[in-house]
Amino acid sequence: MRLLSLGGVAAVLAALLVPGPAPAQAASSYNYTEALQKSIYFYEAQQSGRKPAWSRVEWRGDRTLNDGKAAGADLSGGWYDAGDHVKFGFPMAFTTTMLAWGLVENRTGYGTQLTPMLNNLKWATDYLIAAHPDPETLYVQVGDGSVDHAYWGPPEVIDIKGMSRPVYKITPTCKGTDVVAETAAAMAASSMAFRPTDPAYADTLLTHARQLFTFADTTKGSNGQDTAYTSCVPGISGYYNSTWEGGSDHPGATKMYWDELAWAAVWLYRATGTGSYLDKAREFYPKMGSEPDVGQGAGGTTVAAYSFGLGWNDKEYGVYALMAALTGEQRYKDDVQRYLDYWTTGYKGKKGPVTPGGLAYVFNWASLRMALNTAWVALVYADHLGPGDPLYARYHDFAKRQVDYALGDNPRHSSYMVGFGTNPPTHVHHRAASGQYLGYMSDTTGPNLHVLYGALAGGPDQTDAYTDSRTDYVRNEVAIDYNSGITNVLARFAEEYGGTPVAGFPAPEQKYEEIYAETGNVYSGVDGTSLTVTITNTSNWPPRVLQSGKARYYFTLDGSTSVSQVKVTGGDSNGCAVTGPTLAQDRTYYAEVDCTGKPIYPGDAQLYRRGTQLRISVPNGAAWDPANDWSASAASHVPVYDGNTLVWGTPPGGTSSPSPSPSPSPSPSPSPSPSPSSSPSPSVDTTPPSAPTGLWVCGADFVNAVPMCWTASTDDTGVTGYDVYMKQGSGFTKIGSSTSTLYVADKLVAGTSYTFYVVARDAAGNTSQPSATLTATAQSGLPSPSPSPSASPSPSPSPSPSPSPSPSPSPSPSPSAGGGCKVTYGTSDWGGGFTATITIANTGTTAISGWTLKFAFPGTQKITPPGWSATWTQTGANVTAANLDWNTTITPGQSIQIGFNGTYTGSNPKPTAFTLNGTTCS
């Protein structure tokens, strides 16, 4: 989810960008059919509700099935908006209209991808039908943006978490002309898309389209904004502000609902041939967006808006092309050609900004989205003119230039489509694809676990610069409307230039051990065995909930000991009970840790695992020998069940559950020393892994916990897991394990220091030497940046900076000899407010240990507390930022990011000088 109502810096941008043709570049050749195949797949990853049989996304399951139930409606379907899990009706309806438009104009271009395209389009229209239960009711939102954005995890567990999912609807007393009209357009356009294959369904869609248009038309206001849906759903203003999108810097951005009414009327005319709808389109057309003509000042001649582009809130640019094609009238041709000329060769000498690499830079937020939407209008109009028209090549070639830029023909020589082409994005801002299971955006360094094939990243800035960062939701988030324009363009060029889809797409992903049990603190004596048993659920293919998680520890009665002499005890406040002994076979019994009623699921740092103490005891004199106990011989011999269904491990005499990789092997004692092996044969692996290195704190937003990461160990046969030890008293005790290079030590006391080390192990049970120790303070949480509602979508609890690879601060003062620093200051403005991101880089040769950054605002800027990733203070124009405990050290070559939200009046000039610990930075 992202806010698109930022104004930006158009005046500065116009001065920076040369309004001329892009430099000549070599023609590119891309497999447009493959890109089309993948762009359609993206919509399957965005699905809400019960997963359909035709879905190709192996890492998605059923999700948010309860949406709408409290309101008496089934709103479980539809698409999540972007990298989040809110369903916004306005951009979803626009996306539906766009995708249907692609099918209407160029059905044959989809080739083998026609069925997947229709399947995905119907997923949206089925939801819109459910959201329109009667002629004058339309549900337009499911979920709360502020609640949703505070959670970074998969949607499959949202219902079990009990996350608030309110619904919002438009009625005659709570009006929303723009969103209702857009939904009417979506239904009408889609009826045309389905007419050739399912005429009955097309008729159903057309009925809804007619009702919705009547609803929008009869409840509209008079000034273009008075009945916009922002009045009925005020919370939407922080995300999709339809009366202010584009800000004051973009006069071509329509901020009224007349364009939606005209758009819906045109589509109904196309779908029905009824002349009254064309009459309505003519009525609304003159009321759409306008701006001063070139060379005219205030109060001068105005013309139809031309300097922005087609998007979720700006339909007039599409209406121009449709009306020109439907009527052939010169006024409509003039309007569409003015718009397209502005972005191609220029209109009256005035040309839209173009990046040095050739991207039409329509808007700073998700620049590729706007460029590709404009490219689609250019293609539609070019095809209407035909190849014999002098303007055909101008508009056709512009569209090809834009799509080729997105696919790799750009100064970075990199694709902006995930999973396609050269060096595509791997860190797009998307909760589910990231695969992180703690409920926090804790690791911002590693690539997303899942390949979100076909997703179009937001795009570069005005200089073609782009960083593949998960925290950058302006340039690196993905969204359903971002993909709609490029999907249409790709189908059109697939027909013209050919290409082939990828066979066997998508390939299965490589998986890790998702659900498993571990034992720790194992002690055995003549009176029995005591240990901890922990069930961990980091499932990702798809994420799923253990409603009745159980782990069984199997043991064998020795000598003449009878089962009546065995006592099983344990359990804890987590709700995991301990039962047994229960007969398994012969003289083998098990003790069971039963967490029924206490769900275990990914997406929550406290609840993705549950453990408890288990004690199996016998009286003095009874025989007890753990050497022959099934569960003492291997980690996988403590199997995990969901109810009575085996989900991991191997019970005695049974077969193991499907397992993608070797299971973690529990250490039999807290000692980090390599475990001795008995008389290994030459074929037995006796080589331990290398010790983990670079143990560091890799997060800042945890509560009563220390998140830690490390550099992976190496091993001749492969590392299967890591054990984490914490100092308790005079020694160290194992507190948990991980199959990745990340572990969160939780249930600590905030503000208290703890010391840890990590040990690696391989499949044979060999353990490495311990890593260097890390001493860190348990965190108490980091306040989120609190942007203005029209500033940013608050995508996560806090930005996660690059972790320091040094586990402890260097004692040397810094900057010192060989020290140096560089500060980069950037802003995203929205007219009176802004978000500032500051990057501090250590360009010297010694570590910076403890830092204070100082600068002065040259204007009226004021920081809006609290800021993030630093302690911020402001006195007059002077600003100071000091390190937090987790980013105190900046090693040579490393950089960190800090930031804040602010306000200003007039202009927002950037600070000109920065000092770090008294040293001036470049």
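Relevant structure appears above.
In this report, the structure presented in the accompanying data block is examined. (Residues numbered from 1 in each chain as written. Predicted model: local features only at pLDDT ≥ 70, side-chain atom pairs only at ≥ 80, totals over all residues. Heavy atoms only, no water.)

## Some words on the sheet that holds strand 13 (residues 640-642)
Here comes step 1: Taking strand neighbours across the sheet as the criterion, the five strands line up as 10-11-8-13-14 in an open arrangement whose pairing is antiparallel. The sheet is open, and its two borders are formed by strand 10 (577-585) and strand 14 (645-648), each paired with just one other strand. Across the sheet, the mean angle from the axis of one strand to that of its neighbour is 35°, orientation sign disregarded. (Pairing = 2+ DSSP bridges. Helix = DSSP H or I, 4+ residues; strand = E, 2+ residues; numbered from the N terminus. Axes fitted to C-alpha atoms, helices over the stretch in contact; angles between N-to-C directions.)

## Quick notes on the layout of surface pockets
Here comes step 1: Estimated volume of the second largest pocket: approximately 830 Å³.
Here comes step 2: Lining the second largest pocket we find 32 residues, and of these L449, Y512, T739, S740 and T741 sit closest to its centre.
Here comes step 3: Those elements giving two or more residues to the lining of the second largest pocket turn out to be strand 16 (703-711) and strand 17 (719-728).
Here comes step 4: It is strand 17 that contributes the most residues to the lining of the second largest pocket, four residues altogether.
Here comes step 5: Per-class residue counts for the lining of the second largest pocket are 13 nonpolar, 15 polar and four charged. (1 Å grid on protein atoms, 1.4 Å probe; cavity = no way out; pocket = protein on both sides within 12 Å on 5 of 7 lines; lining within 4 Å. Points joined across faces, edges and corners; volume = space filled by probe spheres on them. Nonpolar A, V, L, I, M, F, W, Y, C, P; charged D, E, K, R; others polar.)

## A look at the pattern of salt bridges
Here comes step 1: Using the criterion set out here, one finds 31 salt bridges in the structure.
Here comes step 2: E260 serves as the salt-bridge partner of K315, at 3.0 Å between the closest nitrogen and oxygen. Linking K315 in the loop between strand 5 (302-304) and helix 12 (316-327) with E260 in helix 10 (residues 258-272), this pair joins segments that are 55 residues apart in sequence.
Here comes step 3: Accessibility expressed as a relative area gives 0% for E260, which makes it buried.
Here comes step 4: For R394, the salt bridge is made with D341, and the minimal N-O distance between the two is 2.8 Å. With R394 in helix 15 (residues 392-407) and D341 in helix 13 (residues 330-343), this pair connects stretches of sequence that are 53 residues apart.
Here comes step 5: The exposure class of R394 is partly exposed, given its relative accessible area of 31%.
Here comes step 6: Residues participating in the shared-partner salt-bridge network are D217, K220, K280 and E283. (Salt bridge = Lys/Arg side-chain N within 4 Å of Asp/Glu carboxyl O. Buried < 20%, exposed > 50% of the residue type's maximum accessible area, 1.4 Å probe, protein only.)

## What about the state of the cysteines?
Here comes step 1: Evaluation of the coordinates by the stated rule reveals three disulfides.
Here comes step 2: Note on cysteine connectivity: C174 is disulfide-linked to C232, with sulfurs 1.8 Å apart. The sign of the 105° torsion about the S-S bond sets the C174-C232 disulfide as right-handed. With a gap of 58 residues between them, C174 in the loop between strand 3 (167-170) and helix 7 (177-194) and C232 in helix 9 (residues 229-232) connect regions that are remote in the sequence.
Here comes step 3: Its relative accessible area of 23% is what places C174 among the partly exposed residues.
Here comes step 4: Two residues share a disulfide in this structure: C576 and C595, whose sulfurs sit 2.1 Å from each other. Between C576 and C595, the S-S dihedral sits near 105°, and the bridge is therefore right-handed. With C576 in the loop between strand 9 (567-570) and strand 10 and C595 in the loop between strand 11 (588-594) and strand 12 (609-617), this pair connects stretches of sequence that are 19 residues apart. (Disulfide = S-S within 2.5 Å.)

## As for the sheet that holds strand 2 (residues 138-142)
Here comes step 1: Pairing within the open sheet is antiparallel, and its three strands lie in the order 1-2-3. Here the strands that pair on one side only, and so sit at the sheet edges, are strand 1 (87-88) and strand 3.

## Here's the deal with the packing of helix 10 against helix 11 (residues 275-284)
Here comes step 1: At their nearest, the axes of helix 10 and helix 11 sit 8 Å apart, and the two run at 160° to each other. Taken together, helix 10 and helix 11 sit at an angle that is classed as roughly antiparallel. Here helix 10 and helix 11 pass one another in a crossing that is left-handed. Contact with helix 10, carried on its side by W258, L261, A262, A265, V266, L268, Y269 and T272, involves G275, Y277, L278, K280, A281 and F284 of helix 11 and no other residues of that element.
Here comes step 2: When its residues are assigned to classes, the contact of helix 10 with helix 11 shows eleven nonpolar, two polar and one charged. (Parallel < 35°, antiparallel > 145°, perpendicular 65-115°, else oblique. Left-handed = near helix turned anticlockwise from the far one by under 90°. Contact = heavy atoms within 4.5 Å.)

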